[in-house]
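Analysis of the macromolecular model
What follows is each chain in one-letter form.
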Amino acid sequence: MNKQQTLDKIEREWKALLASFEGLPDSALLEPRTLGEWSVRDLLAHVATWDEEAILALLVILEGNSPYRYRRYGGIDAFID
């Protein structure tokens, strides 16, 4: 996959994600129902946060460095707990 194909795929997947909850009333977005106590809004916030983390890590990688954030905290698994 080349760069443009990758960007196109990311764009398609984001659109599909956004379309998946389009039209739901606010009450449905706030109702815990998906992963234990997580609501649709909680899941979207989680995805958006990790998307931002990925962008920051990619910028570090593009500079020729290794992302350090998670090593400092015991690795990615420590972040999840």
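This text goes with the structure placed above it.
Summarised in this report is the structure supplied together with it. (Residues numbered from 1 in each chain as written. Predicted model: local features only at pLDDT ≥ 70, side-chain atom pairs only at ≥ 80, totals over all residues. Heavy atoms only, no water.)

**Focus: a nonpolar patch on the surface**
On the surface, a cluster of nonpolar side chains totalling about 400 Å² of accessible area is made up of I55, L56, L59 and L62. On the secondary structure map, I55 appears in helix α3 (residues 40-62). (Patch = residues over 30% accessible without salt bridge, like charges linked within 9 Å, V, L, I, M, F, W, Y side chains within 5 Å. Areas by Shrake-Rupley, 256 points an atom, 1.4 Å probe, with all protein chains shown as cover. Salt bridge = Lys/Arg side-chain N within 4 Å of Asp/Glu carboxyl O. Helix = DSSP H or I, 4+ residues; strand = E, 2+ residues; numbered from the N terminus.)

**A few points about the environment of E37**
Residue placement: E37 occurs in the loop between α2 (26-30) and α3. We classify E37 as exposed; its relative accessible area is 64%. Apart from residues lying up to four places away in sequence, E37 is in contact with P32 and D42. (Buried < 20%, exposed > 50% of the residue type's maximum accessible area, 1.4 Å probe, protein only. Contact = heavy atoms within 4.5 Å.)

**Notes on helix α1 (residues 3-20)**
The first and last C-alpha atoms of α1 sit 26 Å apart over 18 residues, in line with the 26 Å expected at 1.5 Å per residue. Among the residues of α1, the N-terminal cap falls to N2, whose side-chain oxygen and the backbone nitrogen of Q4 are separated by 3.0 Å. (Expected span 1.5 Å × (residues − 1). Polar contact = N/O pair within 3.5 Å; in protein donor to acceptor, adjacent residues only side chain to side chain.)

**Focus on the pattern of salt bridges**
By the definition in use, this model includes one salt bridge. Where E11 meets K15, a salt bridge forms, and the shortest distance between an N and an O atom there is 3.9 Å. Here the residue E11 and the residue K15 both occupy positions in helix α1, the gap between them amounting to four residues, near one helical turn.

**Things to note about α3**
The end-to-end C-alpha distance of α3 is 33 Å, a good match for the 33 Å that 23 residues give at a rise of 1.5 Å each. The complete set of buried residues in α3 reads V40, E53, A57 and V60. Downstream of α3 by a residue or two, G64 has a phi angle that is positive, lying close to 90°.

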